[in-house]
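Letter by letter, the chains look like this.
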Amino acid sequence: MRKGLLGKETALELAERILSMSPGELTEVSVRGGVSRLTRFSDNYVHQNVSEAGHTATVRVIFGKKIGTASTNSLDEESLREAVAAASKMAEFQKPNEEFNGIPGPATYEEPKTFFDSTFDFSPLDRARAVKVIVDAAQAKGFRAAGAYSTGASEVCLANSLGLRAYHSGTMANLRTVVMSDSGSGYGDASAMDVSDIDPQSVAATAVGKCEMNKDPEPVPAGEYEVVMEPHAVAEMVGYLVRGGFAAQAVSEGRSFLVGRLGQKLFSDLVNIWDDGLDPLGFPMPFDMEGVPKRKVVLVENGVAKELLYDFKTAKKEGKEPTGHGGFGGWGPMASNLFMGPGRSTMGELIRGTKRGILITRFHYTNMAHPMRVLVTGMTRDGTFLIEDGKIVRPVKNFRFTESALRVFATVDAATAERVRAGRAVVPAIHVPAFNFTGVTEF
Amino acid sequence: MKELTSLALEKAKRLGASYADIRIVDKRQESIRTKNGNVESMTSSRSRGFGVRVLCDGAWGFSSSSTLAPSEIERIAQEAVEIARASATVKRGRDIVLAPQEPVTAKWESKLKVDPFLVKAEDKIKVLMEADRLMRSNKGVRVASGNISALREEKVFASTEGSYIEQVRTETGAGIEAMAADKGELQRRSYPNSAGGDFASKGFEIVEEMDLPGHAEKVANEAVALLTAKQCPSLTTDLVLDSSQLTLQIHESCGHPIELDRVFGQEAAYAGTSFLTPEKLGTFRYGSDFVTIVADATLPYGLGSFGYDDEGVPAQRTVIVDKGIFKNYLTSRETAQELGQVSNGTARSDGWNHIPIIRMTNVSLEPGDWTLDEIIKDTKEGVYMETNKSWSIDDKRLNFQFGVEMAYEIKDGALGAMLKNANYTGITYEFWRSCDAVAGKDEWHLWGLPNCGKGEPGQVAHVGHGASPARFRNVKVGVGKWQ
């Protein structure tokens, strides 16, 4: 038994026990948790080093259309009974939810390999050694490194009174750093299910290299520029496009740009975006938080908006099949493992194809300014460069942008063949002919 | 409980820790969300556990568990020491040292009138359903939603320096929102604030004071009216902000950059650093003479109020900006001593499983002596903006941009046409230096924000901000292409 994890058998036994306590006509149970460890560093030393472990059991008790939900992180008999009683009491005094249309039945699931002992067993000393690699690389250039190395293992067990039983466990590791000089900074990161796939030397080299390039940035006036977006920036834009726009519930409530536009060509031919919960290039998960098997959903094909993401409730309401994108308790459908298709260019070609433009390493603190227009504002950070006549000529001070993701993907005219895992999405770098920078900051 | 805390502290000391503390936390929450005439969710949750933090070989280690048993407490104390020893392999040239703090033995409890956990669910649902019905009486409303939530946190803190502190805090909050959408436009209006409403360290009386049903029709009518309102023009003009939008302005452009851990780079790879570097302390002109900002964890009912922080330091009032001059940071014991200071008590954690980091308390703009009416009458041309909708700021907290739910033109000292999609942008110190009027006490409100994210692993703090309406000269509004 792995310390901090329940394992499939124990988790399912626990879920069965909770189900047996429920007086509900229908009952859903989730048991989620695991271990999470993180070493954080700044100014070339470890300033925080933590570990946590625990599980939360959540029960949803349903009488007719009356629903109550309760959760506890204490898994002893008494606490579980208390949680079931609390959920039952709430359901009893509840008004019927006329939109409630049942819970999913049993299903069979794929079993992707997602658990790696190398990650689970990675120790605080192992993390410290990797951090030292980055700190040494930064110090060798007179820079300061900050960042975090996190590793963890999580498990999810779902069960309901219709016989649905689902269990999944996986590991994840992420190493990221911002390397800083007195006048600029650079970013590097890597994430993987298997910690052995993370190379601290490579992460350090990327961040130190960017920091060296980003020396004494000068201001360039705000305005419209051609841009080359590196994958982290692209991933954020893809996230905004999909989150609000392609959730079926958002469309049915009239708050998506796709209202009345599904099937239309809204984007450049180059744009292909899909969600695939089982693709190991991302972080696979065989089912959603309602226990519905995940299926690949093609959101955009050659620029045409094709399909929507459904949870159980929205699918039933609209007479569709759920796609495996539900959250526990009906929070609405959401994407989980996003991909954008590759182009045919290299990064060098994107830059060489830019007459006068800006190279963006990544964005900072972005926020949706208008959901129907997918108008997003945010800042650039950790390496913003001016490109002239196909060459990077100098670093520039960071910009604020206020731009629509719809326009970005409608006009993108080149993408790299190489794709990178950036956060929760796998995407290429792209070239966009016009991007609206609306302000400049002082660094 | 003392036996359990002693077990952890003794074990850590035996294994070589020079300092250790333990927090045992029991947190209970209840919430009800309604949407379009249905109870969308009704949830109750409880989370119990403990965390042990140690200094060993001059470096930090922390571990935590939800199993509150003697053997597990000893195991976690040992793990925290092992983690600290790993940290010590990547040190600066010096050990981590804590600013001195007198040991405290105390009990503290927040005050309330009506225990929100004893109010019947039917009564809570009735309030929300009435507001929901009234919002949807305007047929232009696509989604009407509301929520009421309550939280109680019971916490024990003990340290190897001899502190033993027991605290109980209760919070309650509520809010409603109407969403209207038509012909490619989408507008929201909320009451009393966006992002879930208003929250305080109070009981259910806060929900009664709000009178959600009494404001429901106005909220709905404004959301629908915004659909066809004039687009906020793009220009540089005078800007008047209501109290609720000012709280977010304070939060992002003052509250975060004064966190001393941020200043020292401890958040650099995530949320960023701060332009308020230590050489600016005591001399930097952050704002105009009208700008005095205070961090006060002792304010009654504040969402950022408490008795003692999670290092056992008493809650206190600290002047951050005094008549425009930057005077103080928010500090912890570790960061304060780097500046030769003692902690002003702002290290807080959001649960048993996370370490304390510097968090805002109640960071507020002190009231001035105007009224909102007087400010508008005194403004020849400008824009009045209410209630935050979107926010963004750079990683040193200089260049910001905020969007609001609703705005009005100001023409010749009076409110004119309603404006939609209004936003404004600026550089933090230029913006605060342009402040030339702040309304007085009668229009000052202490808002609660239960959603301040910081740190890795991510923590969510509950903080407070007080403000009354204020005016800022020559601000860029209407940013972006909207046609």
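All figures in this text were calculated on a predicted structure; none of them were measured in a lab. (Residues numbered from 1 in each chain as written. Chains lettered and ligands numbered in written order. Predicted model: local features only at pLDDT ≥ 70, side-chain atom pairs only at ≥ 80, totals over all residues.)

S.K.: Is there a simple way to explain the overall build of chain A in this structure?
M.R.: Helix and strand counts for chain A come out as 10 helices and 17 strands. Since a compact globule built from 443 residues should have a radius of gyration of about 22 Å, the 24 Å found for chain A is in line with a globular shape. Referenced to the eigenvectors of the C-alpha coordinate spread, the extents of chain A come out at roughly 70 × 55 × 35 Å. Relative to its full complement of 443 residues, chain A shows a buried share of 58%. Within chain A, contacts between residues at least 6 apart in sequence are counted, and of these 71% link residues at least 24 apart. (Helix = DSSP H or I, 4+ residues; strand = E, 2+ residues; numbered from the N terminus. Rg over C-alpha atoms; globule rule 2.2 N^0.38 Å. Buried ≥ 20, exposed ≤ 12 C-beta atoms within 10 Å, placed from the backbone. Contact = placed C-beta atoms within 7 Å.)

S.K.: What should I look at first to understand the pairing of strand β4 (residues 105-109) of chain B in this one?
M.R.: Each regular strand carries side chains that alternate between the two faces of the sheet. Residues and elements named next belong to chain B. For β4, the buried fraction is low: zero of the five residues fall into the buried class. The pairing of β4 with strand β6 (residues 164-182) spans five bridges and is classified as parallel. Across the sheet, K107 pairs through a bridge with E166, a residue of β6. (Pairing = 2+ DSSP bridges.)

S.K.: Any chance you could explain the environment of V143 of chain B here in plain terms?
M.R.: All names here are of chain B. Mapping V143 onto the fold places it in strand β5 (residues 141-159). In this structure V143 comes out as partly exposed when scored by C-beta crowding, with 18 C-beta atoms within 10 Å. With 77 residues separating them along the chain, V143 and A220 place their C-alpha atoms 9.8 Å apart.

S.K.: Quick question: what am I supposed to make of the sheet that holds strand β12 (residues 317-322) of chain B here?
M.R.: Within a sheet, each strand pairs with its neighbour through backbone hydrogen bonds, oriented either parallel or antiparallel. Residue and element names in this part refer to chain B. Taken together, four strands build an open sheet; the order of strands is β13-β12-β11-β16 and the sheet is antiparallel. The sheet is open, and its two edges are formed by β13 (325-326) and β16 (363-365), each paired on a single side. Note that β12 and β13 share two bridges and pair antiparallel. Note that in β13 the partner of D322 across the bridge is I325.

S.K.: How do you make sense of the interface of chain B and chain A when you look at a structure like this?
M.R.: Note: interface size is frequently given as the accessible area lost on complex formation between the parts. Taken together, the contact between chain B and chain A spans 66 residues of the former and 74 residues of the latter. Counting residues per element, the side of chain B that touches chain A draws most heavily on strand β2 (residues 38-56) of chain B, which supplies 11 residues. Among the residues making up the side of chain B that touches chain A, the classes are represented as 24 nonpolar, 28 polar and 14 charged. Sheet analysis places strand β2 (residues 45-63) of chain A next to strand β3 (residues 59-65) of chain B, joined by two bridges and oriented parallel. Considered in β3 of chain B, the bridge of V50 of chain A is made with F62 of chain B. (Nonpolar A, V, L, I, M, F, W, Y, C, P; charged D, E, K, R; others polar.)

S.K.: Help me understand helix α1 (residues 8-21) of chain A in this model?
M.R.: An α-helix turns once per 3.6 residues; consequently, residues spaced three or four apart project the same way. Residues and elements named next belong to chain A. An ideal rise of 1.5 Å per residue puts 20 Å on 14 residues; α1 measures up with 20 Å between its terminal C-alpha atoms. Those residues of α1 that sit buried are A11, A15 and I18. An end-on view of α1 places all buried positions within 60 degrees of arc, on one side of the element. Every exposed residue of α1 that faces more than 90 degrees away from the buried side is listed here: E9 and S20. Where the residues of α1 are buried, they touch β1 (26-42), β2, α2 (77-92), β4 (144-160) and β5 (165-180). (Expected span 1.5 Å × (residues − 1). Arc of directions from axis to C-beta.)

S.K.: Where do I start with the packing of helix α4 (residues 124-140) of chain A against helix α5 (residues 200-213) of chain A in this structure?
M.R.: Working note: a packed helix pair is described by the angle between its axes plus the distance between those axes. Residues and elements named next belong to chain A. Running from amino to carboxyl end, α4 crosses α5 at an angle of 30 degrees, the nearest separation of the two axes being 9 Å. For the element pair α4 / α5, the angle class is roughly parallel. Handedness of the α4/α5 crossing: right-handed. When α4 is examined against α5, the residues A130, V133, I134, A137 and A138 are found in contact with a partner set consisting of P200, Q201, V203, A204 and V208. Partitioned by chemical class, the residues of the contact of α4 with α5 number nine nonpolar, one polar and no charged. (Axes fitted to C-alpha atoms, helices over the stretch in contact; angles between N-to-C directions. Parallel < 35°, antiparallel > 145°, perpendicular 65-115°, else oblique. Left-handed = near helix turned anticlockwise from the far one by under 90°.)

S.K.: What is the right way to look at the environment of V321 of chain B in this model?
M.R.: Residues and elements named next belong to chain B. Residue position: V321 is located in strand β12. For V321, a count of 23 C-beta atoms within 10 Å corresponds to the buried category. The sequence separation of V321 and V383 amounts to 62 residues, and the corresponding C-alpha distance is 26 Å. Apart from residues lying up to four places away in sequence, V321 is in contact with Y286, G287, V291, T292, I293, F326 and K327.

S.K.: So what exactly am I meant to see when it comes to the nonpolar core here?
M.R.: Where a protein is soluble and globular, its nonpolar side chains tend to be buried together. Of all hydrophobic cores here, the largest spans 280 residues; its most connected members are V238 of chain A together with V52 of chain B. Discounting chain neighbours no more than four positions away, the residues touching V238 of chain A are I273, L338, M340, A425 and V427 of chain A. (Core = buried A, V, L, I, M, F, W, Y, C linked by C-beta atoms within 7 Å.)

S.K.: When you look at the domain arrangement of chain B in this model, what are you seeing that I'm missing?
M.R.: All names here are of chain B. Its domain assignment divides chain B into domain 1 (2-228) and domain 2 (231-477). Here domain 1 and domain 2 have C-alpha centroids that lie 21 Å from each other. Listed per partner, the contact involves 45 residues of domain 1 and 38 residues of domain 2. Across the side of domain 1 that touches domain 2, the residue classes break down as 19 nonpolar, 15 polar and 11 charged. (Domains from an automatic or database assignment.)

S.K.: Hey, could you run me through unusual backbone geometry in this one?
M.R.: One can expect most non-glycine residues to show negative phi and most peptide bonds to be in trans. Residue and element names in this part refer to chain B. The residue after Y191, namely P192, is reached through a cis peptide bond having omega -5 degrees. Mapped onto the elements, P192 comes out in the loop between β7 (185-191) and β8 (198-200). Residue P457 is reached from E456 by a cis peptide bond, and omega for that bond is -5 degrees. When you line up the elements, P457 lands in the loop between β22 (445-454) and β23 (459-467). Despite not being glycine, K323 has its phi angle at roughly 45 degrees, a positive value. Mapped onto the fold, K323 is located in the loop between β12 and β13. Look at D412: it is not a glycine, yet its phi comes out positive at around 50 degrees. Turning to its location among the elements, D412 is positioned in the loop between β18 (399-411) and β19 (414-420). By C-beta crowding, D412 is classed as exposed, having 9 other C-beta atoms within 10 Å.

S.K.: Quick question: what am I supposed to make of α5 of chain A here?
M.R.: Residues and elements named next belong to chain A. Relative to the 20 Å expected for 14 residues at 1.5 Å per residue, α5 spans 20 Å between its end C-alpha atoms, a close match to the ideal helical length. Every buried residue of α5 is listed here: P200, V203, A204, A207, V208, K210 and C211. On an axial view of α5, the arc spanned by its buried residues comes to 160 degrees, and they lie on one face. Along its buried surface, α5 packs onto α4, β5, β6 (185-192), β12 (356-370) and β13 (375-388).

S.K.: Whenever I open this one, the domain arrangement of chain A confuses me. Can you help?
M.R.: All names here are of chain A. By domain assignment, chain A separates into domain 1 (8-204) and domain 2 (217-286 + 335-443). With 15 residues of domain 1 in contact, the opposing surface of domain 2 contributes 13 residues. Counting only elements with at least two residues in the side of domain 1 that touches domain 2, the list comes to β5 and β6.

S.K.: Would you mind going over the packing of α1 of chain A against α2 of chain A with me for this structure?
M.R.: Residue and element names in this part refer to chain A. Orientation of α1 relative to α2, taken along the N-to-C sense of each, is 45 degrees, at an axis distance of 9 Å. In terms of orientation, α1 and α2 fall into the oblique class. The handedness of the crossing between α1 and α2 is right-handed. Across the interface between the two elements, R17, I18 and M21 from α1 touch L80, R81 and V84 from α2. Classifying every residue of the contact of α1 with α2 by side-chain character gives four nonpolar, no polar and two charged.

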